[in-house]
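# Understanding the architecture of this molecule
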Amino acid sequence: MHTFFLLEGAYLILAGVILLVTLFVTTRPFMGKGAVKKGLGWVSLVLAVLIGAHYWVTTNRMAKVAKAFEEGKPILCESRMLRKASQVVEVQKSREWRIENNNFVSPYYERPFFLARCIVK
């Protein structure tokens, strides 16, 4: 559940704002009877499906990255630390990288990389 909130937290907040806007619009006098129920129901359903699909795709990619890492394949991770230098860091098990709490960690690199922000090379 922690991973879900870590990955989807921003989208859950955005979905809450969208639901508030939907509630505001559907309660206006020009809207027909039952607009609140229909509007909130459909918008909630669409948001739940989109957030669920994003979570499923992301966790599947994370599992593929972790499996490839354990097999010794090179992994490319996004680096936001130095914008002037390379924006990608290559992670490999043979270079003393390891996985801790869904993060790639190395004794030679000062910051960890979240598996969700990495792909198999």
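Data block above holds the structure.
Because the structure is predicted, anything quoted here is derived from the model rather than measured.

Quick notes on the rules
- Residues numbered from 1 in each chain as written.
- Predicted model: local features only at pLDDT ≥ 70, side-chain atom pairs only at ≥ 80, totals over all residues.
- Heavy atoms only, no water.
- Helix = DSSP H or I, 4+ residues; strand = E, 2+ residues; numbered from the N terminus.
- Buried < 20%, exposed > 50% of the residue type's maximum accessible area, 1.4 Å probe, protein only.
- Disulfide = S-S within 2.5 Å.
- Expected span 1.5 Å × (residues − 1).
- Bend = angle between axes of the 7 residues up to and from the residue.
- Contact = heavy atoms within 4.5 Å.
- Patch = residues over 30% accessible without salt bridge, like charges linked within 9 Å, V, L, I, M, F, W, Y side chains within 5 Å.
- Areas by Shrake-Rupley, 256 points an atom, 1.4 Å probe, with all protein chains shown as cover.
- Salt bridge = Lys/Arg side-chain N within 4 Å of Asp/Glu carboxyl O.
- Pairing = 2+ DSSP bridges.
- Axes fitted to C-alpha atoms, helices over the stretch in contact; angles between N-to-C directions.

A positive phi angle is found at N101, which is not glycine, with a value near 50°. With respect to the helices and strands, the residue N101 is situated in the loop between β3 (98-100) and β4 (103-105). For N102, which is not glycine, the phi torsion reads 60° and is therefore positive. Inspection of the secondary structure assignment puts N102 in the loop between β3 and β4. We classify N102 as partly exposed; its relative accessible area is 28%.

Glancing now at the state of the cysteines. Each disulfide is one covalent bond, formed between the sulfur atoms of two cysteines. Enumeration according to the criterion identifies one disulfide in this entry. Note that C77 is cross-linked by a disulfide to C118, the S-S spacing being 2.1 Å. The disulfide joining C77 to C118 has a torsion of about 110° about its S-S bond and is therefore right-handed. Separated by 41 residues along the polypeptide, C77 in strand β1 (residues 75-78) and C118 in strand β6 (residues 118-120) bring together distant segments of the chain.

Attention shifts here to helix α1 (residues 2-26). An ideal rise of 1.5 Å per residue puts 36 Å on 25 residues; α1 measures up with 33 Å between its terminal C-alpha atoms. Remark: the principal bend of α1, roughly 65°, maps to E8. Taken together, the buried positions of α1 are F4, L7, E8, G9, A15, T22 and T26. Where α1 is buried, its residues contact α2 (35-70) and β5 (113-114).

A few words on a nonpolar patch on the surface. Taken together, I13, V17, V21, F24, V25, F30 and M31 make up a surface patch of nonpolar side chains, about 690 Å² in accessible area. Within the secondary structure, V25 is located in helix α1.

Okay, the sheet that holds β5 next. Backbone-to-backbone hydrogen bonds join strands into a sheet, with any given pair of strands oriented parallel or antiparallel. What the three strands build is an open sheet, ordered β3-β4-β5; its pairing is antiparallel. At either end of the open sheet lies a strand with only one pairing partner, and these are β3 and β5. With two bridges joining them, β4 and β5 adopt antiparallel strand pairing. Bridge pairing in β5 links F104 to F113. Strands β3, β4 and β5 of the sheet are contacted by α2, whose axis makes an angle of about 140° with β3.

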